[in-house]
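# Notes for the structure review
As a plain string of letters, each chain reads:
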Amino acid sequence: LKSNNSAGNLGFFTNNSERMTIDATGAVTMPAQPAFSATKSSAQNDIAIGSLVTITVDGERFDQNSDFDLANNRFTAPVTGKYQINIITTLANLDQDATYIEVKLVTSNVTYTNPYIDPEGFDKDIAFYTISASYLVDMDANDTASMAIYIPDGAAQTDVRAGQTFFSGYLAC
């Protein structure tokens, strides 16, 4: 524990690295706290029918603790805790004949299967549809989390749009 009385800051250190600071205004920063935001800059076209398909990402806005694996499109929890995970994706060319379309959060322990859309409720194919979900999930150290989409039937024409898909999360407690 070190403090800088002239600046009014209080810093917490482990292994000679600052892990948390409380500044003179009371703001708390934790530069090693797990947090990520992954993005998609290219479309993922013609999602396969009848199988769980991982929604891929190809960029990071930030990966504060280097826990997001772009090559495998997944976050790995570095420590056991509760993580806030958020998904936003815009789909294009949804087939009106599909019974339903689900966007899922797939973790090592649980697959979260909400929300979904029922395209049969529309009178024609849907040009665009945005789905978002937020979950507070229990993860053990080394558990993983990824996004996926499932379409049971209809035509393989649905796309995940570029620039409109975001996957983010952070250690909440």
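Residues numbered from 1 in each chain as written. Predicted model: local features only at pLDDT ≥ 70, side-chain atom pairs only at ≥ 80, totals over all residues. Heavy atoms only, no water.

## Overview of the side chain of Asp67
Its place among the elements puts Asp67 in the loop between strand S7 (59-63) and strand S8 (68-69). Arg19 is the oppositely charged side chain nearest to the buried, salt-bridge-free Asp67, at an N-O distance of 11 Å. Those residues in contact with Asp67, other than ones at most four positions away along the chain, are Pro34, Arg74, Phe75, Thr76 and Pro78. (Helix = DSSP H or I, 4+ residues; strand = E, 2+ residues; numbered from the N terminus. Buried < 20%, exposed > 50% of the residue type's maximum accessible area, 1.4 Å probe, protein only. Lys, Arg positive; Asp, Glu negative; His and termini not counted. Salt bridge = Lys/Arg side-chain N within 4 Å of Asp/Glu carboxyl O. Contact = heavy atoms within 4.5 Å.)

## Structural notes on the environment of Asn114
Topologically, Asn114 is positioned in the loop between strand S12 (111-112) and strand S13 (116-117). Through-space distance from the C-alpha of Asn114 to that of Pro31 is 32 Å; in sequence the pair is 83 residues apart.

## Observations concerning the environment of Phe166
Mapped onto the secondary structure, Phe166 falls in strand S16 (residues 159-171). Separated by 109 residues in the primary sequence, Phe166 and Val57 have C-alpha atoms spaced 8.1 Å apart. Discounting residues that sit within four places of it in the chain, Phe166 has contacts with Ala38, Thr39, Arg61, Asn86, Ile87, Ile88 and Met147.

## A few points about the pattern of salt bridges
For the structure shown, the criterion picks out two salt bridges. Measuring nitrogen to oxygen at the nearest pair gives 3.4 Å for the salt bridge that ties Lys82 to Asp138. On the criterion of sequence distance, the pair formed by Lys82 in strand S10 (residues 81-94) and Asp138 in strand S14 (residues 126-139) is long-range, its members being 56 residues apart. Among the residues examined, Asp138 registers a relative accessible area of 41% and is labelled partly exposed.

## Considering the sheet that holds S7
Pairing within the open sheet is antiparallel, and its five strands lie in the order S7-S5-S16-S10-S14. At either end of the open sheet lies a strand with only one pairing partner, and these are S7 and S14. Ignoring which end each strand starts from, the neighbouring axes of this sheet average 10° apart. Taken together, the 13 bridges between S10 and S14 define a ladder with antiparallel strand orientation. (Pairing = 2+ DSSP bridges. Axes fitted to C-alpha atoms, helices over the stretch in contact; angles between N-to-C directions.)

## What to know about the packing of aromatic side chains
As enumerated under the stated definition, the model contains eight aromatic pairs in all. Ring centres 5.1 Å apart and planes at 25° place the aromatic pair Phe36 and Phe68 in the stacked group. Taken together, the positions of Phe36 in strand S5 (residues 35-39) and Phe68 in strand S8 put the pair 32 residues apart, joining distant regions of the chain. Judged by relative accessible area, which is 1%, Phe36 ranks as buried. (Phe/Tyr/Trp six-rings, centres within 6.5 Å; stacked < 30°, edge-to-face > 60°.)

## Quick word on the nonpolar core
Judged by nonpolar contacts, the single largest core of 32 residues is most densely connected at Tyr83, Ile101, Leu105, Ile149 and Phe167. Looking at this core, the elements that each hand over two or more residues are S5, S10, strand S11 (101-107), S14, strand S15 (144-150) and S16. Looking at this core, the element that brings in the most residues is S14, giving six residues. (Core = buried A, V, L, I, M, F, W, Y, C linked by side-chain atoms within 4.5 Å.)

## Quick word on unusual backbone geometry
Its identity as a non-glycine residue notwithstanding, Asn15 has a phi of 50°, on the positive side. With respect to the helices and strands, the residue Asn15 is situated in the loop between strand S2 (9-14) and strand S3 (17-22). Its identity is not glycine, yet Ser66 carries a phi of approximately 55°, on the positive side. Within the fold, Ser66 resides in the loop between S7 and S8.

## Concerning the environment of Tyr83
Looking at the element boundaries, Tyr83 is found in strand S10. With near-sequence residues (within four places) excluded, Tyr83 lies in contact with Pro34, Phe75, Ala77, Pro78, Tyr135, Leu136, Val137, Met139, Tyr170, Leu171 and Ala172. Among the polar contacts made by the side chain of Tyr83, one reaches the main-chain carbonyl oxygen of Val79 at a distance of 2.6 Å. (Polar contact = N/O pair within 3.5 Å; in protein donor to acceptor, adjacent residues only side chain to side chain.)

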